[in-house]
Amino acid sequence: MTAFQHDREQLGAYALGALDPREADLVRAHLAQCPDCRREVDDLMALRRSLDEIPPEAFLEGPPDGDLVLQRTLRKLSPPPSRRGLVAAGVAVLAAAALGGAFLAGRGTAPDTVAAPPTTTAPGTRTGESTDPATGAVMTVRMVPQAGWVRVNAVVKGAPAGARCELRVVPKSGGESVLAGSWLVSEKGSREGTTLDGSALIDPDDVAAVEVVTTDGARIVSTPV
């Protein structure tokens, strides 16, 4: 990754799943060796998940394109910000996104905990469950289609404790899978399961499966949906 070592714009694009396969491979190789950049990617993914927690029905004119807003903000920051500055910029993006539909109905501040999912099932929702015969990991998936993108909820059990994992959406059309989230597997999460909520910029009709891989590319489990 010497061509763009520690490049925050590339890290932001990676967190959004916007890199081509060659660039994504270079970033993954760099992340395996650079704890500072791994922390920055984790921060960006946390911000992205915070955007995903805002229900689309809360906006008068539909959900904001949080990924696009975050990517544009990162590109406008010059000189490149410190890690703290990057997080602050992301918080500003979240605030702008929360007000993007003129106002956010019925919510003054973001909750400390994520609200329980609605009891009704959105049209087009797809689910799946599978166990990987090699790793023994188990994953259940719920995918909700949006306009040109998808929301993904997954519960992963049996991933190795300490593994740096990515939740990715696999397209039917082939090519690079799309990043929906990442996390560090805890001892408890490995034993009892980890619940993940993410999103991916992919046409719902093009989704073949959701998979969990480590940051060095080892597959943990894959679930068709």
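Note that residues are indexed from 1 along each chain, following the sequence as it is written. In view of the model being predicted, local features appear only for residues whose pLDDT reaches at least 70, and side-chain atom pairs are presented and counted only at 80 or more, with totals across whole chains, interfaces and linings using the full set of residues. Values reported for side chains reflect all heavy atoms of the structure, with hydrogen atoms and water molecules removed beforehand.

## Section: the pairing of strand 1 (residues 126–131)
And then number 1: Paired strands, in this sense, are two strands between which DSSP finds at least two bridges. Labels follow the DSSP assignment, with helices taken as runs of H or I lasting at least four residues and strands as runs of E lasting at least two, numbered in each case from the N terminus. Across six bridges, strand 1 lies against strand 2 (residues 138–145) in antiparallel orientation. Paired with E129 across the bridge in strand 2 is T140.
And then number 2: Linking strand 1 back to strand 2 in an antiparallel pair, the connection comprises six residues, with G136 at a positive phi of about 80°.

## Brief notes about the sheet that holds strand 3 (residues 150–157)
And then number 1: Ordered by their spatial adjacency, four strands build an open sheet running 1-2-3-6, and the pairing between neighbours is antiparallel. Each end of this open sheet is capped by a strand with a single partner; those strands are strand 1 and strand 6 (194–200). The average angle at which neighbouring strand axes cross in this sheet is 15°, direction not considered.
And then number 2: By the bridge criterion, eight bridges tie strand 2 to strand 3 in an arrangement that is antiparallel. Residue pairing across strands places V141 opposite A154, the latter belonging to strand 3. Note on geometry: axes are lines fitted to C-alpha atoms, helical ones only across the stretch in contact, with angles between N-to-C directions running from 0 to 180 degrees.

## Side note on helix 2 (residues 21–31)
And then number 1: Burial status follows relative accessibility: with a 1.4 Å probe on protein chains alone, a residue under 20% of its type maximum counts as buried, one over 50% as exposed, and anything between as partly exposed. All buried positions along helix 2 are accounted for by E23, A24, V27, R28, H30 and L31. Down the axis of helix 2, the smallest arc covering the buried residues is 160°, so these residues share one side. An arc is given here, and it is the one of the directions from the helix axis to the C-beta atoms.

## Regarding the sheet that holds strand 5 (residues 178–184)
And then number 1: Taken together, four strands build an open sheet; the order of strands is 5-4-7-8 and the sheet is antiparallel. Each edge of the open sheet carries a strand with a single partner, namely strand 5 and strand 8 (219–224). Within the sheet, the average angular offset between the axes of one strand and its neighbour, ignoring direction, is 15°.

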